[in-house]
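Letter by letter, the chains look like this.
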Amino acid sequence: MSSIAMAVFLDSSPGELVDLPHAGSGLEHPLVFDSAAREIHRLAADGRAEVVEQRTSTVGDNTLIEALRFRRLA
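Note that the structure is predicted; figures quoted are calculated from it, not measured.

Caption draft 1: Structural view of the pattern of salt bridges. As enumerated under the stated definition, the model contains 5 salt bridges in all. We note a salt bridge from Glu50 to Arg71, for which the minimum N-O separation is 2.8 Å. With a gap of 21 residues between them, Glu50 in strand S2 (residues 49-59) and Arg71 in strand S3 (residues 62-72) connect regions that are remote in the sequence. You can call Glu50 partly exposed: its relative accessible area is 35%. On the accessibility criterion, Arg71 (25% relative accessible area) is partly exposed. The partner of Arg55 in a salt bridge is Glu66, and the shortest N-O contact between them spans 3.0 Å. Here Arg55 is found in strand S2, whereas its partner Glu66 is found in strand S3, with 11 residues between them in sequence.

As structure tokens, this is what we get:
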């Protein structure tokens, strides 16, 4: 089964700037969004994407990614 992050990645074109969606998607919950954003970071570590911009917030002892823009490389 494909994740939401992978679906967004695969729906993008190489070189296109993409904002990981919030509203109206399965990523509305902050923890779910953070998990998907970290999946995009793993794609970046594999050389398949480039994280261009992100915004984080601190909740207790945890840092959550609350916005992410990336570019598909491959």
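Caption draft 2: A look at the side chain of Asp34. Positionally, Asp34 belongs in helix H2 (residues 30-45). Residue contacts for Asp34: discarding those within four places in its chain leaves Thr63, Leu64 and Ile65.

Caption draft 3: Expanded view of the sheet that holds S3. Overall, antiparallel pairing links the 3 strands, which are arranged S1-S3-S2 in an open sheet. Pairing within the sheet leaves two strands with one partner each, and these edge strands are strand S1 (17-19) and S2. The mean angle between the axes of side-by-side strands here comes to 25°, regardless of whether they run parallel or antiparallel. Judged from the 3 bridges that link them, S1 and S3 form a sheet pairing that is antiparallel. Residue pairing across strands places Leu17 opposite Arg71, the latter belonging to S3. Where helix H1 (residues 4-11) meets the sheet, its contacts fall on S1, S2 and S3, and the angle it forms with S3 comes to roughly 20°. Against the sheet, H2 touches S2 and S3, its axis set at about 50° to S3.

Cut-offs applied
- Counting restarts for each chain: residues are numbered from 1 in the order of the written sequence.
- The model is predicted, so local features are restricted to residues of pLDDT at least 70 and side-chain atom pairs to those at 80 or more, both for listing and for counting; the totals for chains, interfaces and linings are taken over all residues.
- As a rule here, side-chain values come from all non-hydrogen atoms in the structure, and water together with hydrogens is ignored.
- Whenever Lys or Arg places a side-chain nitrogen within 4 Å of a carboxyl oxygen from Asp or Glu, that contact is recorded as a salt bridge.
- Secondary structure elements follow DSSP: runs of H or I no shorter than four residues count as helices, runs of E no shorter than two count as strands, and numbering proceeds from the N terminus.
- Exposure classes here rest on a 1.4 Å probe applied to the protein chains alone. A residue is buried below 20% of its type maximum, exposed above 50%, and partly exposed in between.
- Residue contacts are defined here by distance: any two heavy atoms, one from each residue, within 4.5 Å place the two residues in contact.
- Pairing between strands is defined by DSSP: at least two bridges between the two strands are required.
- Angles shown run from 0 to 180 degrees and are taken between the N-to-C directions of axes, each axis being a line fitted to C-alpha atoms and, for helices, limited to the stretch in contact.

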